[in-house]
Amino acid sequence: MTYPPPATAPADSGDELVSQFAADVRRHLSKQPRQLPSRYLYDALGSSLFDAICELPWYRVTRAEMRLLVRFAPRIWSAVLPLDRLIELGAGDGRKLAAFLSGRPTGLAPQRVDLVDISASALESAARAASAVDRTRVVQHHATYESGLQAASGEAPRGRALVLFLGSNIGNFDPSAADALLGDFAQSLRPGDALLLGADLVKPEGELLLAYDDPLGVTAAFNLNLLVRLNRELGADIDPAGFEHRAVWNERRSRVEMHLVSRREQELRIPGAGIALTLKAGETIWTESSYKYRPEQIRGVVERAGFTAAAQWQDARAGFALTLCELRRPH
Ligand code: AVI
């Protein structure tokens, strides 16, 4: 099955966005198995809960990536300088950007930093991190990855761009959607442009399950909050206590799945989406897939999109990889 990509919808609320949410809820909850797109996990509370997840000892993606960025930033900079444009897709809170920027050689900086995010508040934080660089223009794109990158890459002739696509956000795309997304990036970029991709690696099941079903229940709250959002934005009256968070490692597909499991038979009425459905006891709503890669699979996915994997650094402690890629010339 194809799983809808995260972070491809604008984040602001508004009539159009609520009706997109309603249409997606109607469509995905009517599927078997029932689903909800993971991008809707990130309302204001969901985004705060995700920030809290990144601080948990069991969720090591963020810290592993930070360690790699701090350690290898000088090598990455020396491979890509001179750089016209640094573009971050899914800018987040700007901490990784700040770490990466501070590893650059003294006195050298990109002409422009372009930040792309669907969250206006994330853009503001990342812009503050980038504004520490003298004589660099900071441009914000409140947009999806694809349209933001297109705008950031620009029409006019320019020097090399480096795109940062970090945080294992690629993991929330199923394999065909990941191929399509990276193919889209390649279309917006020019030969010689670079991509730095952060991806979480396959690791023992026990570690993965603790990361996605933590003992403090923060990930459970992150998942259950989607029901609270259905209540608030679509007039539903769902009791979150009627559901249980479940994380499953699907080894065959190499993904951790998050589900909301109905504790009893219950009717869900979601007036804003124009649907009512009966869930059986134990029936699940699938809310997220987080694909885990083997290092050679990362090279495969970038190569298929037209990039060459020039270098890869791994954090063996947490099982995470940063891959530096360059867009090839078409034959
Ligand atoms: C944003 N994304 C890469 C996270 C992940 O690991 O798939 C979202 C997340 N879901 C549960 N914990 C974290």
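Preceding block: the structure.
Residues numbered from 1 in each chain as written. Predicted model: local features only at pLDDT ≥ 70, side-chain atom pairs only at ≥ 80, totals over all residues. Heavy atoms only, no water.

A. Up close: the overall build of the protein chain. A tally of helices and strands in the protein chain yields ten helices and 13 strands. Expected size for 331 residues packed as a compact globule is a radius of gyration near 20 Å; at 20 Å, the protein chain falls within 12% of this value. Considered along the principal axes of its C-alpha atoms, the protein chain spans approximately 60 × 45 × 40 Å. Counting only residues that meet the buried cut, the protein chain has 54% of its 331 residues in that class. Sequence separation of 24 or more characterises 74% of the internal contacts of the protein chain that already satisfy a separation of 6 or more. A total of about 14,400 Å² of accessible surface is found on the protein chain, and carbon and sulfur atoms cover 51% of it. If you average the places of the 39 positive and of the 40 negative side-chain charges in the protein chain, the two averages end up 4 Å apart. (Helix = DSSP H or I, 4+ residues; strand = E, 2+ residues; numbered from the N terminus. Rg over C-alpha atoms; globule rule 2.2 N^0.38 Å. Buried < 20%, exposed > 50% of the residue type's maximum accessible area, 1.4 Å probe, protein only. Contact = heavy atoms within 4.5 Å. Areas by Shrake-Rupley, 256 points an atom, 1.4 Å probe, with all protein chains shown as cover. Lys, Arg positive; Asp, Glu negative; His and termini not counted. Charge placed at Lys NZ, Arg CZ, Asp CG, Glu CD.)

B. Structural detail: the site of the ligand. The environment of the ligand is formed by 14 residues, the closest being Tyr59, Asn172, Tyr212, Glu288 and Ser290. One of the side-chain nitrogen or oxygen atoms of Tyr59 is found 2.6 Å away from an oxygen atom of the ligand. Residue Glu288 places a side-chain N or O atom 2.9 Å away from a nitrogen atom belonging to the ligand. Against a free-state accessible area of 340 Å², the protein chains account for coverage of 98% of the ligand. Only α2 (44-55), α9 (218-234) and β11 (284-291) provide two or more residues apiece to the shell around the ligand. Grouping the constituent residues of the shell around the ligand by class yields seven nonpolar, six polar and one charged. (Near = heavy atom within 4 Å. Polar contact = N/O pair within 3.5 Å; in protein donor to acceptor, adjacent residues only side chain to side chain. Nonpolar A, V, L, I, M, F, W, Y, C, P; charged D, E, K, R; others polar.)

C. Examining the sheet that holds strand β12 (residues 307-315) more closely. Reading across the sheet, the seven strands line up as β4-β3-β2-β5-β6-β13-β12 and stay open at both edges, with mixed pairing between neighbours. The sheet terminates laterally at β4 (137-142) and β12, the two strands that pair on one side only. Each neighbouring strand pair of the sheet contributes to a mean axis angle of 15°, computed without reference to strand direction. Of the strand pairs in this sheet, strand β2 (residues 85-89) and strand β5 (residues 161-165) are connected by four bridges, and their pairing is parallel. Among the inter-strand pairings, Ile87 is bridged to a residue of β5, identified as Val163. Strand contacts of helix α4 (residues 95-102): β2, β3 (112-117) and β5, with the helix running at about 155° to β2, the strand carrying the most contacts. Across the sheet, helix α10 (residues 295-304) lies against β6 (194-200), β12 and β13 (320-327), angled at about 155° from β12, the strand it touches most. (Pairing = 2+ DSSP bridges. Axes fitted to C-alpha atoms, helices over the stretch in contact; angles between N-to-C directions.)

D. Molecular detail of the sheet that holds strand β8 (residues 255-262). Across the sheet, four strands lie side by side as β1-β11-β8-β7; this open sheet has mixed pairing. Looking at strand neighbours, the two that pair on one side only are β1 (34-35) and β7 (243-250), the edges of this open sheet. In this sheet, β11 lies alongside β1 in parallel orientation, the contact comprising two bridges. Its bridge partner being in β11, Gln35 is matched across the sheet by Trp286. Helix-sheet contacts for helix α8 (residues 205-212) involve β7, β8 and β11, and the interaxial angle to β7 is about 150°. Together, β7, β8 and β11 form the strand contacts of α9, whose direction differs from that of β8 by roughly 55°.

E. Local environment of the packing of helix α6 (residues 145-153) against helix α7 (residues 175-188). At a minimum axis distance of 9 Å, the contact between α6 and α7 shows a crossing angle of 15°. In terms of axis orientation, α6 runs roughly parallel to α7. The crossing of α6 and α7 is right-handed. Here Tyr145, Glu146, Leu149, Gln150 and Ser153 of α6 lie close against α7, whose contacting residues are Leu181, Asp184, Phe185 and Ser188. Partitioning the contact of α6 with α7 into residue classes produces four nonpolar, three polar and two charged. (Parallel < 35°, antiparallel > 145°, perpendicular 65-115°, else oblique. Left-handed = near helix turned anticlockwise from the far one by under 90°.)

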